[in-house]
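Understanding the architecture of this molecule
The chain contents come next:
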Amino acid sequence: MAKPKSYYVCNECGAESPQWFGKCAACGTYNSLEEQISIQSSTDIPSRGMSGWHQQTNNKPAATKPAKPRASLTFDQISDRQVTRWASGYEELDRVLGGGVVPGSMVLIGGDPGIGKSTLLLQVSNLLSHRYRILYVSGEESGQQVKLRASRLGVGKPLSVVGDGNGNGTTAKETPEETAKVEEADGIGADLYVLPETDLEEILREMDSLKPNVTIIDSIQTVFFPALTSAPGSVAQVRECTAALMKVAKHEDITMLIVGHVTKEGAIAGPKVLEHLVDTVLYFEGDRFASHRLLRTVKNRFGATHEIGIFEMVDNGLREVPNPSELFLGNRDDPAPGTAIVVACEGTRPIVVELQALVSPTSYPSPRRAGTGIDYNRLVQILAVLEKRVGIPMSKLDSYVASAGGLNVEEPAVDLGIAIAIVASFRDRIVDPGTVLIGEVGLGGQVRSVSQMELRLKEAAKLGFKRAIVPKGQKYPSLNIEILPVSKVIDAIIAAIPQQGLTEEDLAPDDDEE
């Protein structure tokens, strides 16, 4: 007989507890446990004795049956099907997805409020709707609000609004005369339908009736399953709704693009199982004081991870940036002391970035260290190397390092650029503006090799840089750029500032700085 059982689930991390506590034992969040009801049946799990696996009669072994599969297949039995990716209309998005949209895949896009998630998906929907049937499910806006936003973004085709927004599921269809007028005006019959709905059952009914190629859910935290007693956005609701949508997507070969909210820590809200269920997880990042946005891959079953796509927010929506290096480079015609050029890699994309450093005598017992766009722990490590191995009194100096444009460059390959920028600011010297610096700085003052060196050098040569200071001991391709291999930081410092004739004696502190 079915027996109800209650348990408690944390809304933040999804941990389960047999009884209620004021504080979650897993994540430490207060007042986050909510009661859930489950029904257990004694017939849910068959007994081994009833299954006949090891059933014995009169202490005699049962007759063994030949082993044969019931539903499983070998690789040879699975039919080969050539999967053709769809072009989304944005090369930056196609790069992040691994070459385009995979039919039947499930993509989760997370990001801060107002970063542009809905804007990006509405623009992508408009481009895809000229070739495929698109269903845009809006749980946060009414049909009129979506249409108003589409007009502001320059979406020329009138949107077909399905449903009245009250969960009644009525369908507003155009008359043949209206459809003919629209197709005559645009020349292309775009299939973009908007459904203002949060009820999962209504959404699934509409998908079964419309049979779209792509369905966009904006957002998954607003969708609820009526059979569950928990509120929308809770762990149980997000888990069950995502699982139901995934089942439909895989069975009907429908591509699902899902928007996910994020917590104040920056992680996608809801249980971690949400990220495990989907095929691809993308994060939309950006500084609210800057116009550029970064679309970063965290998980991708159909391509490489840690790829990035760069967009710029303009008046009529998001515009992709084909050459991001120009966005993060300063004015090379008017160089300033304390700047250095590095080549960072995000996935398989090289980006040339300008690093800026400022060093000044401290007026505090402990000097200040601040970094914007770089790893703070690596900054402290490089400062210690410069004091111990080079002899610069960094313990008496405040140090500030930032990357141009606010791009986060936290990989070890930018260590050498950080060190050169700090030394140039310390001596008020200008680094050769035609030089790029690539290399990791070790604790012994050595310059260590990094990965994807050929990709970095090709990007620097394409942008017109003449010299590259790189680690010694690697093989480098023949490009239109001079290669200067170095083995120690002191050698890189001397090579990076050649016009002033910098020597090792010049790096010694002045008398007034002792």
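Conventions and cut-offs
Residues numbered from 1 in each chain as written. Predicted model: local features only at pLDDT ≥ 70, side-chain atom pairs only at ≥ 80, totals over all residues. Heavy atoms only, no water. Axes fitted to C-alpha atoms, helices over the stretch in contact; angles between N-to-C directions. Helix = DSSP H or I, 4+ residues; strand = E, 2+ residues; numbered from the N terminus. Parallel < 35°, antiparallel > 145°, perpendicular 65-115°, else oblique. Left-handed = near helix turned anticlockwise from the far one by under 90°. Contact = heavy atoms within 4.5 Å. Nonpolar A, V, L, I, M, F, W, Y, C, P; charged D, E, K, R; others polar. Salt bridge = Lys/Arg side-chain N within 4 Å of Asp/Glu carboxyl O. Buried < 20%, exposed > 50% of the residue type's maximum accessible area, 1.4 Å probe, protein only. Core = buried A, V, L, I, M, F, W, Y, C linked by side-chain atoms within 4.5 Å. Phe/Tyr/Trp six-rings, centres within 6.5 Å; stacked < 30°, edge-to-face > 60°.

A word on the packing of helix H11 (residues 415-426) against helix H13 (residues 489-496)
- Closest axis-to-axis distance for the H11/H13 pair is 10 Å, and the angle between their directions is 60°. Relative to H13, the element H11 is oriented oblique. Our pair here, H11 against H13, has a crossing hand that is right-handed. For the pair H11 and H13, contact is made by Leu 416, Ala 419, Ile 420 and Val 423 and by Val 489, Ala 492, Ile 493 and Ala 496, respectively.
- In the contact of H11 with H13, the residues fall into eight nonpolar, no polar and no charged.

Focus: the packing of helix H10 (residues 376-390) against H11
- Direction vectors running N to C along H10 and H11 enclose 55°, while the axes themselves pass 10 Å from each other. Comparing their axes, H11 and H10 come out oblique. The way H10 lies across H11 gives a crossing that is right-handed. Touching Arg 378, Leu 379, Ile 382, Leu 383 and Leu 386 of H10 are Asp 415, Ile 418, Ala 419, Ile 422 and Val 423, all from H11.
- When its residues are assigned to classes, the contact of H10 with H11 shows eight nonpolar, no polar and two charged.

A short note on the pattern of salt bridges
- In the structure shown here, the tally under the stated rule is 17 salt bridges.
- Across the salt bridge formed by Arg 456 and Glu 411, the nearest N and O atoms sit 2.9 Å from each other. Remark: Glu 411 occurs in the loop between strand E19 (397-403) and H11 and Arg 456 occurs in helix H12 (residues 453-462); sequence separation between them is 45 residues. The burial state of Arg 456 is the same as that of Glu 411; both residues are buried.
- The salt bridge partner of Asp 432 is Arg 467, with a shortest N-O separation of 3.6 Å. Linking Asp 432 in the loop between H11 and strand E20 (435-437) with Arg 467 in strand E23 (residues 467-471), this pair joins segments that are 35 residues apart in sequence.
- Among the residues examined, Arg 467 registers a relative accessible area of 13% and is labelled buried.
- Beyond isolated ion pairs, a larger network of salt bridges with shared partners links Glu 201, Glu 202 and Arg 205.

Some points on the nonpolar core
- Ranked by internal contacts, the top residues of the largest apolar core, which has 50 residues, are Leu 386, Ile 418, Ile 422 and Ile 469.
- Of all elements in the fold, only strand E14 (308-314), strand E16 (339-346), strand E17 (349-361), H10, E19, H11, strand E24 (482-486) and H13 reach the threshold of two or more residues within this core.
- Tallying contributions element by element places H11 first for this core, with nine residues.
- Contact partners of Ile 469, with chain neighbours within four places excluded, come to Leu 416, Thr 435, Val 436, Leu 437, Ile 438, Leu 484, Val 486, Ala 492, Ala 495 and Ala 496.
- Counting residues in each nonpolar core, the second largest holds 32 residues, with Val 96, Ile 134, Ala 150 and Leu 295 among its members.

Remarks on the packing of aromatic side chains
- Tallied over the full model, the rule gives three aromatic pairs.
- Aromatic pair Trp 86 and Tyr 132: ring centres 4.1 Å apart, planes at 20°, arrangement stacked. Note that Trp 86 is positioned in the loop between strand E5 (60-61) and helix H2 (91-97) and Tyr 132 in the loop between helix H3 (117-128) and strand E7 (133-138), a separation of 46 residues in sequence. The same class applies to Trp 86 as to Tyr 132, namely buried.
- With a centroid separation of 6.0 Å and 65° between ring planes, the pair formed by Tyr 90 and Phe 311 is classed as edge-to-face. Of this pair, Tyr 90 sits in the loop between E5 and H2 while Phe 311 sits in strand E14, placing them 221 residues apart in sequence. Phe 311 shares its class with Tyr 90; the two are buried.
- In textbook terms, an aromatic cluster arises when at least three aromatic residues are bridged by ring pairs, as seen for Tyr 90, Phe 284 and Phe 311.

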